[in-house]
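Chain by chain, the residues:
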Amino acid sequence: MKSFTYERVDSSAAATAAFARTPGARFIAGGTNLLDLMKLEIETPQHLIDVSRLALDKIEATPEGGLRIGAMVRNTDLASDARVRRDYGLLTRALVAGASGQLRNKATTAGNLLQRTRCPYFYDTNQPCNKRQPGSGCAAIGGFNRLHAVVGASDACIATHPSDMAVAMRALDAAIETVDAAGKARAIPIADFYRAPAKTPHLETVLAPGELITAVTLPKPVGGTHIYHKVRDRASYAFALIAVGAIVQRDGTGRVALGGVGYKPWRVEAAEAALPRGAKPVADGLLAGAKTTHENAYKLPLVERALAGVLAQAKG
Amino acid sequence: MQTPEEFELSRRGVLVGGAASVATVTLVPIGTATAATPPAKSPPTAKVAFEVNGTVRELELDTRTSLLDALREHLHLTGTKKGCDHGQCGACTVIVDGRRINSCLTLAVMHEGEKITTIEGLGTPDKMHAMQDAFVTHDGYQCGYCTPGQICSAVAVLDEIKAGVPSHVTADLAAAPAVTKVELRERMSGNICRCGAYSNIIDAITDVAGVKA
């Protein structure tokens with residue numbers, strides 16, 4: 001690991017100010033992804049700004065009837081919150097499908113969103129990777145790529161975003177609240193939060209350097225049956241091959257977001273209109289324009305079949 | 001190829017250089033710990049104080065030191081094990097402020113003022129924690145390397161169920177989770193046992209939880 005200086009801050013303003021005055025700085029909260037990558041010198045910050053003790057660890061009701069989740073709320077606490085379990089069951093289901101109990105105790109809401117979009121070649125520093133070293137090439141294209149993206153990928157990168165939580169938040173129309181060094185706040189719909197890899201896969205979100213996530217807001221509950229179906233190589237503690245997050249209403253309408261298929265949680269609102277007609281037309285709409293490799297074409301029928309299972313379960 | 005002579009020279013050089021760098025580290029004033037200067041020859045350090053197994057410990061550490069390395073290399077509490085050092089195996093699991101975490105994936109300096117419990121703090125050979133006792137009774141290990149992490153994790157898992165934390169296999173999110181083998185298996189998935197003592201580990205945990213196996 002490269003050496004770095006360290007400071008702990010006690011306010012968002014102090015955090016963004018520290019970032020502005022320190023070259024090569026990064027925020028750290030739970031650290032479960034950042035430290036992992038620092039050990040491999042894939043991430044090499046010169047200065048760490050510890051934001052883990054900011055008073056952003058509350059889950060509060062919003063005037064609109066939704067919830068504001070502080071950026072520092074731990075994954076375990078978010079999954080356990082009584083309001084989340086009752087009104088946003090999809091979010092709890094997705095959270096507890098991700099990582100391990102130890103990691104969920106440490107990982108934060110903001111950090112979960114900001115974990116790197118990644119693949120095994122990103123971790124293997126002996127291999128080219130446009131995300132790790134822009135312009136070096138992509139070893140996954142033409143390599144072992146059964147885990148990789150089928151939608152939204154580019155010739156530069158076919159990695160998937162690994163978060164389960166983000167899939168639920170996409171289906172729930174979450175918004176990400178931030179503040180920058182000038183003190184300017186904004187709310188970014190999660191649909192607009194992740195950048196397509198295109199030619200610059202090392203840039204993963206629309207956040208400006210030093211912009212700090214302060215909260216994630218959920219609109220008021222939409223009811224319905226909440227199901228998160230994650231398909232993986234082992235029963236627990238593994239990334240999704242594909243995941244289906246769905247909210248299905250009694251009349252058969254609803255929402256669907258997919259994990260494990262692209263650089264972001266994948267939702268196509270136009271495709272959801274077909275939900276009362278079954279899984280196939282929805283899957284076709286979600287995966288329109290999909291581009292598969294020699295190893296990951298299985299994901300297309302797997303999405304349709306997983307969605308069919310989810311819809312059958314929702315009917316009860 | 002190096003000749004023996006060259007080796008002698010370079011070896012001496014290393015020893016001299018090594019001694020010099022050690023001296024530099026100890027002479028670094030504490031005030032420079034958080035200064036935002038680029039890393040010089042001696043890596044930046046920072047002070048931290050936390051409670052380990054009921055005793056306050058004060059350390060000055062290279063900022064890169066994981067909590068795991070602080071416990072093992074600096075406090076010589078070698079019960080906590082380093083397996084993968086990447087949060088995948090769970091051998092390094094300790095309990096911090098009542099919660100189990102991977103001590104390999106967290107910086108020691110981030111734990112100012114916190115209470116850390118390691119396997120040494122749960123019990124001693126003469127006065128074992130109930131979970132340690134049950135692992136012995138049920139033969140919940142073979143080589144024993146993952147065992148401290150398994151035991152710390154298991155103790156925290158029972159507290160998590162008691163506190164109502166849901167899991168992937170909890171059927172009803174509105175109800176309190178129950179202590180069942182299925183729940184325990186899911187919740188223990190962050191602790192790998194390469195010897196494959198899983199069934200005995202679950203027996204040990206259900207025994208402590210007072211559940212009929």
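Residues numbered from 1 in each chain as written. Chains lettered and ligands numbered in written order. Predicted model: local features only at pLDDT ≥ 70, side-chain atom pairs only at ≥ 80, totals over all residues. Heavy atoms only, no water.

## Examining the domain arrangement of chain B
Think of interface size as the accessible area that goes away when the parts come together; that is how it is often given. All names here are of chain B. Basically, it comes down to this: Domain delimitation follows an automatic or database domain assignment. Two residues form a contact once any of their heavy atoms are found within 4.5 Å. Here the quantity called buried area is the total loss of accessible area, with a 1.4 Å probe, experienced by two parts when brought into contact, counted for both. Here a salt bridge means any side-chain nitrogen of Lys or Arg lying within 4 Å of a carboxyl oxygen belonging to Asp or Glu. What qualifies as a polar contact is a pair of N or O atoms within 3.5 Å, subject to a donor-acceptor requirement within protein and to the restriction that residues adjacent in sequence count only when both atoms come from side chains. Labels follow the DSSP assignment, with helices taken as runs of H or I lasting at least four residues and strands as runs of E lasting at least two, numbered in each case from the N terminus. Side-chain classes follow a simple rule in which Ala, Val, Leu, Ile, Met, Phe, Trp, Tyr, Cys and Pro form the nonpolar group, Asp, Glu, Lys and Arg form the charged group, and the remainder, Gly included, forms the polar group.
Assigned domains of chain B: these are domain 1 (44-122) and domain 2 (124-213). A separation of 22 Å is found between the C-alpha centroids of domain 1 and domain 2. Between domain 1 and domain 2, the contact holds 15 residues from the first and 16 residues from the second. Summed over the three residues of domain 1 that lose the most area to domain 2, namely Arg100, Ile119 and Leu122, the buried surface amounts to 46% of that side. The interface formed by domain 1 and domain 2 includes 1 salt bridge. The closest approach of N and O atoms between Arg100 and Glu160, which form a salt bridge, is 2.9 Å. On inspection of domain 1 and its partner domain 2, the count reaches 8 residue pairs in polar contact (both at pLDDT 80 or more). Every element with two or more residues in the side of domain 1 that touches domain 2 is listed here: strand 3 (93-96) and helix 3 (119-122). Residue classes in the side of domain 1 that touches domain 2 are distributed as 6 nonpolar, 6 polar and 3 charged.

## Digging into the pattern of salt bridges
Residue and element names in this part refer to chain A. Put simply, the test is: Relative accessibility under 20% of the residue-type maximum defines a buried residue, over 50% an exposed one, and the middle range a partly exposed one, all with a 1.4 Å probe and only protein chains included.
By the definition in use, this model includes 30 salt bridges over all chains. The closest approach of N and O atoms between Arg26 and Glu43, which form a salt bridge, is 2.6 Å. Of this pair, Arg26 sits in strand 2 (residues 25-28) while Glu43 sits in the loop between helix 2 (34-39) and strand 3 (47-50); the two residues are 17 residues apart in sequence, bridging distant segments of the chain. A relative accessible area of 30% places Arg26 in the partly exposed class. Looking at Glu43, the relative accessible area reads 9%, which means it is buried.

## Observations regarding the interface of chain A and chain B
Tallying the contact residues gives 44 residues for chain A and 44 residues for chain B. Both sides of the chain A and chain B interface together cover about 3,700 Å² of buried area, and 53% of this is carbon and sulfur. For the pair chain A and chain B, the number of links is 3 salt bridges. Two residues, Asp85(B) and Lys39(A), come together in a salt bridge whose shortest N-O distance is 2.9 Å. When contributions to the side of chain A that touches chain B are tallied by element, the ones reaching two or more residues are strand 1 (5-8), helix 2, strand 3, helix 3 (75-80), helix 5 (89-96) and helix 6 (101-106) of chain A.

## Digging into the packing of helix 4 (residues 130-137) of chain B against helix 5 (residues 147-162) of chain B
All names here are of chain B. The condition that has to hold: Helix axes are fitted only over the stretch in contact, all axes being lines through C-alpha atoms; the angle between N-to-C directions runs from 0 to 180 degrees. Note on terminology: angles under 35 degrees are roughly parallel, angles over 145 are roughly antiparallel, angles of 65 to 115 are roughly perpendicular, and the others are oblique. Should the near helix be turned counterclockwise from the far one by less than a right angle, the crossing is left-handed, whereas a clockwise turn marks it as right-handed.
Running from amino to carboxyl end, helix 4 crosses helix 5 at an angle of 125°, the nearest separation of the two axes being 10 Å. Compared by their axis directions, helix 4 and helix 5 come out oblique. The hand of the helix 4/helix 5 crossing is right-handed. For the pair helix 4 and helix 5, the contacting residues are Met131, Gln132 and Phe135 in the first and Thr147, Gln150, Ile151, Ala154, Val155 and Leu158 in the second. Looking at side-chain class alone, the contact of helix 4 with helix 5 contains 6 nonpolar, 3 polar and no charged residues.

## Digging into helix 2 (residues 67-74) of chain B
Because each turn of an α-helix spans 3.6 residues, side chains separated by three or four positions end up pointing in the same direction. For helix 2 of chain B, the set of buried residues is Leu67(B), Leu68(B), Ala70(B), Leu71(B) and Arg72(B). Following helix 2 of chain B by one or two positions, His76(B) has its phi on the positive side, about 60°.

## Brief notes about helix 7 (residues 198-209) of chain B
All names here are of chain B. Where we set the bar: What a helix should span is 1.5 Å times the count of its residues minus one.
Over its 12 residues, helix 7 extends 16 Å from the first C-alpha to the last, a length consistent with the 16 Å expected when each residue adds 1.5 Å. Among the residues of helix 7, those classed as buried are Ile201, Ile202, Ala204, Ile205 and Thr206. Contacts made by the buried residues of helix 7 are with helix 4, helix 5 and helix 6 (181-187). Remark: Gly210 follows helix 7 within two positions and exhibits a positive phi of approximately 75°.

## Observations concerning the pairing of strand 8 (residues 212-218) of chain A
Residues and elements named next belong to chain A. Counted only if it meets this: Only strands joined by at least two bridges in the DSSP assignment are considered to pair.
Where burial is concerned, most of strand 8 is hidden: 7 out of the 7 residues are buried. Across 4 bridges, strand 5 (residues 67-70) lies against strand 8 in antiparallel orientation. Within the sheet, the bridge partner assigned to Arg68 lies in strand 8 and is Thr217. In the sheet, strand 6 (residues 175-179) pairs with strand 8 via 5 bridges, with the strands oriented antiparallel. Residue pairing across strands places Glu177 opposite Ala215, the latter belonging to strand 8.

## Topic: the sheet that holds strand 3 of chain A
Residue and element names in this part refer to chain A. Pairing is parallel across the open sheet formed by 3 strands, whose spatial order is 1-3-2. Single-partner strands in this sheet number two, and they are strand 1 and strand 2. Ignoring strand direction, the axes of neighbouring strands in this sheet form an average angle of 25°. Direction of pairing for strand 1 relative to strand 3: parallel, over a ladder of 4 bridges. Across the sheet, Glu7 pairs through a bridge with Ile49, a residue of strand 3. Strand contacts of helix 1 (residues 12-21): strand 1, strand 2 and strand 3, with the helix running at about 155° to strand 2, the strand carrying the most contacts.

## Considering the confidence of the model for chain B
Low-pLDDT portions of the prediction should not be read for the details of their coordinates. All names here are of chain B. Short version of the rule: Known as pLDDT, the predictor's per-residue confidence is scaled from 0 to 100.
Counting all residues, the mean pLDDT for chain B is 87, and 80% of those residues have values of 70 or more. Ignoring residues within four places in sequence, the model shows residues 1-33, a span with pLDDT below 50, making 15 contacts including any to other chains. Overall fold confidence (pTM) sits at 0.92, and the ipTM for the predicted complex is 0.97.

## Let's talk about the side chain of Asp36(A)
By the secondary structure assignment, Asp36(A) is in helix 2. Among the polar contacts listed, one links the side chain of Asp36(A) to the side chain of Tyr123(A), at a separation of 3.0 Å. A polar contact of 2.3 Å, which involves the side chain of Asp36(A), links it to the side chain of His86(B). Setting aside residues no more than four positions away along its own chain, Asp36(A) makes contact with Gly31(A), Tyr123(A), His86(B) and Leu105(B).

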